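Structure assessment
The lines below spell out each chain.
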Amino acid sequence: MSQLTFLILDFCVFALVAFGVFMVSRRVETNMSVRRRLRADLKQPQKRGGPASALVRSQEVRNPILQWVQTTTLQDPEARTKLRRDLALA
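Just so we're clear, the structure is a prediction, and the values are computed from it rather than from any experiment.

Moving on: the overall build of the protein chain. Helix and strand content of the protein chain: three helices and zero strands. Order of helices (α) and strands (β) in the protein chain, N terminus to C terminus: α-α-α. Counting over 90 residues, the protein chain shows a buried share of 2%. Counting only carbon and sulfur atoms, one obtains 64% of the accessible surface of the protein chain, whose full area is about 8800 Å².

It is worth spelling out a positive patch on the surface at this point. A contiguous patch of positive charge, built from Arg 35, Arg 36, Arg 37, Arg 39 and Lys 43, is present on the exposed surface. Here Arg 35 lies in helix H1 (residues 3-43).

This paragraph deals with the confidence of the model for the protein chain. For the protein chain, per-residue confidence averages 81 on the pLDDT scale, and 80% of positions sit at 70 or higher. Here helix H2 (residues 64-73) stands out as the element of the protein chain with the lowest mean pLDDT, 78, in contrast to H1, whose mean of 91 is the highest.

Taken as a whole and assessed by the stated rule, the structure comprises one salt bridge. With a closest N to O distance of 2.8 Å, Lys 82 and Asp 86 form a salt bridge. Of this pair, Lys 82 and Asp 86 both sit in helix H3 (residues 77-89), separated by four residues, roughly a single helical turn.

On to the environment of Arg 80. Tracing the backbone shows Arg 80 in helix H3. Here the alpha-carbon distance between Arg 80 and Gln 70, two residues 10 residues apart in the chain, equals 9.1 Å.

A surface patch of nonpolar side chains, amounting to about 460 Å² of accessible area, comprises Phe 6, Leu 9, Val 13, Val 17 and Val 21. Looking at the element boundaries, Val 21 is found in helix H1. The exposure class of Val 21 is exposed, given its relative accessible area of 54%.

Rules used throughout
Residues numbered from 1 in each chain as written. Predicted model: local features only at pLDDT ≥ 70, side-chain atom pairs only at ≥ 80, totals over all residues. Heavy atoms only, no water. Helix = DSSP H or I, 4+ residues; strand = E, 2+ residues; numbered from the N terminus. Buried < 20%, exposed > 50% of the residue type's maximum accessible area, 1.4 Å probe, protein only. Areas by Shrake-Rupley, 256 points an atom, 1.4 Å probe, with all protein chains shown as cover. Patch = residues over 30% accessible without salt bridge, like charges linked within 9 Å, V, L, I, M, F, W, Y side chains within 5 Å. Salt bridge = Lys/Arg side-chain N within 4 Å of Asp/Glu carboxyl O. Lys, Arg positive; Asp, Glu negative; His and termini not counted. Charge placed at Lys NZ, Arg CZ, Asp CG, Glu CD. pLDDT = per-residue confidence, 0-100.

Written out as structure tokens, the structure is:
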């Protein structure tokens with residue numbers, strides 16, 4: 001084989017190794033970021049006995065208009081569950 005073929009082969013191997021290192025480091029960085037956010041989320045004081053995570057929301061409705069709508073229209077638990085599921089899918 002000629003010297004040019006070895007040079008191209010070396011470059012391809014180098015590119016593959018560099019890409020692999022980049023992907024692994026990106027994955028590690030993402031995992032570390034998620035763990036750091038979760039740790040910070042656990043250190044925050046819980047509000048009103050709710051969950052520690054901001055990602056999990058309570059079922060409590062604070063808006064007075066929405067409270068009125070909820071009490072007047074959504075009496076049936078099955079209809080409420082279906083509406084929540086439909087809204088989540090939307």
